[in-house]
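Observations on the model geometry
Here's the letter readout for the chains.
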Amino acid sequence: MDIKDEVSYNDFSKLDIRVGTILECIKHPNADNLLVFKVDFSNFQRQIISSISKYYTNPDELVGKQVVAILNFKPMKLRGLESYGMLLSAENEEDTMLSLLTTLDKVDNGLMAK
């Protein structure tokens, strides 16, 4: 897999990357491939929609997990629901496995990646 073009620290520092805990995860009512997450970032919560349902067929298993998300993406509407961020994940080249990014240890919700 090729490495993408280099970015400067200033480019990276524009991203608001934080740790949060999944409070709720349900299948999107109007799309088979989308999951709707409610994620707690300590002093606020966000709804984030992700197209990962083929990897997580039981959304309840994700509740309580800590995840890493980018929060300052421009909100977008996906099949009628607003998404306010992006969950980070790792996927293999064959598109047969995906894992949400998390932390080695439990940390406080809302902590920023550095």
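What counts and how
Residues numbered from 1 in each chain as written. Predicted model: local features only at pLDDT ≥ 70, side-chain atom pairs only at ≥ 80, totals over all residues. Heavy atoms only, no water. Pairing = 2+ DSSP bridges. Helix = DSSP H or I, 4+ residues; strand = E, 2+ residues; numbered from the N terminus. Buried < 20%, exposed > 50% of the residue type's maximum accessible area, 1.4 Å probe, protein only. Patch = residues over 30% accessible without salt bridge, like charges linked within 9 Å, V, L, I, M, F, W, Y side chains within 5 Å. Areas by Shrake-Rupley, 256 points an atom, 1.4 Å probe, with all protein chains shown as cover. Salt bridge = Lys/Arg side-chain N within 4 Å of Asp/Glu carboxyl O. Core = buried A, V, L, I, M, F, W, Y, C linked by side-chain atoms within 4.5 Å. Contact = heavy atoms within 4.5 Å. Polar contact = N/O pair within 3.5 Å; in protein donor to acceptor, adjacent residues only side chain to side chain. Lys, Arg positive; Asp, Glu negative; His and termini not counted.

**Some remarks on the sheet that holds strand β2 (residues 35-40)**
Here five strands make up an open sheet; going across it, the order is β3-β2-β1-β4-β7 and the pairing antiparallel. In the strand order of this sheet, the two ends are held by β3 (45-50) and β7 (86-87), each with one partner. As judged from the six bridges shared by strand β1 (residues 17-27) and β2, these two strands associate in the antiparallel manner. Following the sheet pairing, I26 is matched in β2 by V36.

**What to know about the pairing of strand β4 (residues 66-70)**
Of all five residues in β4, five are buried; the element is thus mostly enclosed. Burial of the side chains of β4 extends over both faces: Q66, V68 and I70 are buried on one face and V67 and A69 on the other. Sheet topology note: the β1/β4 ladder contains five bridges and is antiparallel. When the bridges of β4 are listed, R18 appears paired with A69. Bridge count for β4 against β7 is two bridges, and the pairing is antiparallel. Across the sheet, the residue bridging to I70 is M86, located in β7.

**Focus: a nonpolar patch on the surface**
A contiguous nonpolar patch, built from V7, Y9, F12, L15, F73 and M86 and spanning about 590 Å² of accessible area, is present on the exposed surface. Note on F12: relative accessible area 35%, which makes it partly exposed.

**Let's talk about the pattern of salt bridges**
Between side chains of opposite charge, pairing is possible as soon as their charged atoms come close. Counted under the stated rule, the structure contains one salt bridge. Between R18 and D16 there is a salt bridge; the shortest N-O distance is 2.7 Å. Just as R18 is buried, D16 falls in that class too.

**As for the nonpolar core**
Ranked by internal contacts, the top residues of the largest apolar core, which has 17 residues, are F37, I52, Y56 and L62. Put simply, the parts of the chain that give this core at least two residues each are β1, β2, β4 and β9 (98-100). Here this core takes three residues from β2, the largest share from any one element. Sequence-distant contacts of Y56, that is, excluding residues within four places in its chain, are made with L35, E61, L62, L98, S99 and L100.

**Thoughts on the side chain of H28**
Within the secondary structure layout, H28 lies in the loop between β1 and β2. With a relative accessible area of 5%, H28 lands in the buried category. For H28, the side chain forms a polar contact with the main-chain oxygen of L78, separated by 3.0 Å. Of the polar contacts made by the side chain of H28, one reaches the backbone oxygen of R79; its length is 3.4 Å.

**What about the side chain of D40?**
Mapped onto the elements, D40 comes out in strand β2. Although D40 lies buried, it forms no salt bridge, and the closest oppositely charged side chain, K106, sits 8.1 Å away as judged by the N-O distance. Within the structure, D40 has its side chain in polar contact with the backbone nitrogen of S42 (distance 3.2 Å). Separated by 3.0 Å, the side chains of D40 and N109 make a polar contact. Among all residues touching D40, those that are not within four sequence positions of it are G20, T21, L23, Q45 and N109.

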